[in-house]
Amino acid sequence: MLNKLLVPLIVLFSRASSRTASEKRLDNGVGRTPALGWNSWNQGGCNAASATVVLNTAKAFVDLGLKDLGYTYVNIDDCWSAKQRNSTGHLVADTSKFPKGIDGLAREVHAMGLKLGLYGDAGTQTCALYPGSYGSEQKDADTLAAWGVDYWKFDNCLTEQVYTNKGIKSQQYYPIMRDALLKTGRPILFSICQWGRDEVWTWGGKVGNSWRMSEDIQNNWASVSSIAARAATMYQYAAPGGFNDLDMMELGNGVLTEAEERAHFGLWAIMKSPIIMGTDMTKLKASTLNIIKNKGILAIHQDPLGKAATTFTPKGQPAPVSGKLYRYYAGPLSDGVVVGLVAADGAETLTVNFSDVPGLGAGSFTWTELYSGRNGTGTSVSQRLATHDMAVFKVVTHV
Ligand code: GLA
C-alpha cells in the first residue's frame, strides 16, 4: 500500500526536479570563458568553407603563436555539406571541399592541438540552402559527436514554416538541439545564432554557451559600434558557461582603421563576447596581429570571473544614448577592474577619476594601459585617443 502511494510521488518529484534542472544555466563542461578562434564566413562566405582553408588557418594559429595564446576553435560555417542528406538521412560533407570528410579533418585539426567547429540550422535549410536539422536533431548531434566536432553554431534560417508561423518561439525549439548534444555525451560548445530574436539574452544561458544578440555584423565601423552599444545594455546576462555573442570579428578585412580594430577587439574582449576571427589568418598585417596577440587583453577576455563590462557615467558627463557607442566602460575582474575608454565621436583626450568607477572608489590605484603598456599609480588616468581608438586599463588596488 505504502509503495503504491510512494512510487507515483517519487515519479512526480523527480519530474519536477528534472524540470528545475533544465531551467538552470547550461553546464556542458565547455565554454566557461568566451570562445577564441576563427570562422570561415567573414573571410570568404561559402568559398572559405573548405579543408584547405581550415588547415591553413590551423597552421597559422600554430605558426603565429595564436594557439599558445588560447586561440582554439577553427570553425567551418555554411556550405560545408552536400546539398542532400544521404539515403539513411545523415548529413554528409561535400567531398570536393572536404576530401577526407569532416571526421578526417577533425583528426588533423586535433593533432595540431586545436578544436573543430561546424555549422547547422534549426530550420529545414541553412541560410545558404543546405540541409537544416529540423526533425533530425538527434541524428545530427550523434553525427557531430561521431565525427569529433567540438563546436556547433546553430543558425535560424527557414524556421518560419515549421516553427515561427505556428507561434513556436526560438526559446522552445533551440533546447531540442541542446538536449540532443547533451545526450551524445561529447562536450560540444553550443553557439546559438538567431540574431537576437525573442530577447535571447534573457534565456540563452539555459540553452547555449553563447547567443548572437544582433543581426549580422558588417565590415564597417557603423556596424561594429552599433552592436557594441547594444551589447553594453545586456552585460548582466554574461557568466561562466554562457555569453552574449557580438558576432564574428571584422579585423583584417581592409575597412576598419588600426584604431577601429583596437576598439573592435577591446570592446568584444571586455564585454566577454566570443572572439572569432573572420579573416585570412595567413595574410594578417603586423598591426592586426599585434592587436589580437595582446596578452593583457586576452587575459581579461579569458578571466574566470566571466563578467562583462558595461558603461558607467562619470560625474558631469551625459548619460549613454540608446544605440550610440558610449565613451566610458568598466567591469569586474577576478583580480581588479577593467576600464575602457573609447573615442566614439572623434579624437579627444578622455579622463577618468577612479572614484567614479564602479568597483573602485576613493584612493590611489595602480593601472596599466594594455595596448601601449603605459602604467602608473594615482586617483585618475587620462589618455589622448585618435578617432574611434580605445584604451583598455587594468586597474588594481595600490598596495
Ligand atoms: C546567417 C548567420 C551568419 C552566417 C550566415 C551563413 O546570416 O547569422 O553568421 O552563418 O547565415 O549563411
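Residues numbered from 1 in each chain as written. Predicted model: local features only at pLDDT ≥ 70, side-chain atom pairs only at ≥ 80, totals over all residues. Heavy atoms only, no water.

> It is not clear to me how the side chain of Asn39 should be interpreted in this structure. Could you clarify?
Looking at where Asn39 falls in the secondary structure, it is placed in strand 1 (residues 36–39). In this structure the side chain of Asn39 is engaged in a polar contact, spanning 2.6 Å, whose partner is the backbone nitrogen of Trp41. Apart from residues no more than four positions distant in its own chain, Asn39 is found in contact with Asn75, Ile76, Asp77, Lys153, Met248, Ile276, Met277 and Gly278. (Helix = DSSP H or I, 4+ residues; strand = E, 2+ residues; numbered from the N terminus. Polar contact = N/O pair within 3.5 Å; in protein donor to acceptor, adjacent residues only side chain to side chain. Contact = heavy atoms within 4.5 Å.)

> Explanation requested: the site of the ligand in the structure shown.
Taken together, Trp41, Asp77, Asp78, Tyr119, Cys127, Lys153, Asp155, Cys193, Trp195, Arg212, Asp216 and Met248 make up the full set of residues near the ligand. Asp77 places a side-chain nitrogen or oxygen 2.6 Å from an oxygen atom of the ligand. Here Lys153 contributes a side-chain N or O atom positioned 2.8 Å from an oxygen atom of the ligand. Contact with the protein chains removes 92% of the 310 Å² of surface that the ligand exposes when unbound. (Near = heavy atom within 4 Å. Areas by Shrake-Rupley, 256 points an atom, 1.4 Å probe, with all protein chains shown as cover.)

> Explain the pattern of salt bridges here, please?
Applying the stated criterion across every chain, the model contains 19 salt bridges. With its nearest N and O atoms 3.0 Å apart, the salt bridge here joins Arg262 to Glu258. With Arg262 and Glu258 both in helix 9 (residues 258–270) and 4 residues apart, this pair spans about one turn of that helix. Residue classification places Arg262 among the buried positions, given a relative accessible area of 17%. (Salt bridge = Lys/Arg side-chain N within 4 Å of Asp/Glu carboxyl O. Buried < 20%, exposed > 50% of the residue type's maximum accessible area, 1.4 Å probe, protein only.)

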